Amino acid sequence: MSKIFDWAKNGDVGELSIFLLTNEECNLEITNEKGYTPLLEATQYGHFDFCHTLLSAGANPKATDGLGNNALMFASLKGNLRIVKLLIQYGAKLGELNDSGMSAHDWAMAFNRKQVISFIGEKHKFQNNRIKSYLGLVKNGMKSISWPNRKSL
């Protein structure tokens, strides 16, 4: 089964397809020494067809590595909009955070991946508006609290 990581790295959809057709049960969530699933590995290398085949076979689009990074985060940091869209189609969520508190959008911003930043911004404006609304509530709530006068302390 470790061959699947070589196939993922090289984008060898032919070998993956043969493997999937000839094995009734296969663990698509197996991890390598980096803690990557085959989907995470293929996303790192930008192999769209390999990712699509894995997802079609039931690979988990929300699987994470040891640091909480998922395939959507990898695709965003690489600027691979096509894989970003594919992962969302299969159920990946933009709001998920890794162990450092970073989202796919944060990764795209950190590496200046303009197409991904624009897509996430357009596709998920409601999330940004919801956050702004929440911050507005907090700000207004803070104003309504009676704070002691510092001079009297």
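Bear in mind the structure is a predicted one, so any value in this text is a computation, not a measurement.

How each quantity is defined
- Residues numbered from 1 in each chain as written.
- Predicted model: local features only at pLDDT ≥ 70, side-chain atom pairs only at ≥ 80, totals over all residues.
- Heavy atoms only, no water.
- Salt bridge = Lys/Arg side-chain N within 4 Å of Asp/Glu carboxyl O.
- Buried < 20%, exposed > 50% of the residue type's maximum accessible area, 1.4 Å probe, protein only.
- Axes fitted to C-alpha atoms, helices over the stretch in contact; angles between N-to-C directions.
- Helix = DSSP H or I, 4+ residues; strand = E, 2+ residues; numbered from the N terminus.
- Parallel < 35°, antiparallel > 145°, perpendicular 65-115°, else oblique.
- Contact = heavy atoms within 4.5 Å.
- Nonpolar A, V, L, I, M, F, W, Y, C, P; charged D, E, K, R; others polar.
- Left-handed = near helix turned anticlockwise from the far one by under 90°.

Q: Would you take a moment to explain the pattern of salt bridges for this structure?
A: Oppositely charged side chains can pair when the atoms bearing their charge come close. Using the criterion set out here, one finds one salt bridge in the structure. Between Lys-34 and Glu-41 there is a salt bridge; the shortest N-O distance is 3.3 Å. Judged by its relative accessible area of 4%, Glu-41 falls in the buried class.

Q: What is the right way to read the packing of helix α4 (residues 48–56) against helix α6 (residues 81–89) from this model?
A: Between two packed helices, both the angle of their axes relative to each other and the distance between the axes serve to describe the pair. Packing of α4 against α6 leaves a shortest axis separation of 10 Å and a crossing angle of 5°. By the criterion of interaxial angle, the relationship of α4 to α6 is roughly parallel. Of α6, the residues touching α4 (which contributes Phe-48, Cys-51, His-52 and Leu-55) are Arg-82, Ile-83, Leu-86 and Leu-87. Partitioning the contact of α4 with α6 into residue classes produces six nonpolar, one polar and one charged.

Q: What should I look at first to understand the packing of helix α2 (residues 13–22) against α4 in this one?
A: Packing of α2 against α4 brings their axes to within 10 Å, and their N-to-C directions diverge by 15°. Compared by their axis directions, α2 and α4 come out roughly parallel. Once α2 is placed against α4, the crossing between them reads as left-handed. Contacts from Val-13, Leu-16, Ser-17 and Leu-20 in α2 reach Asp-49, Phe-50, Thr-53 and Leu-54 in α4. Of the residues assigned to the contact of α2 with α4, the class counts are five nonpolar, two polar and one charged.

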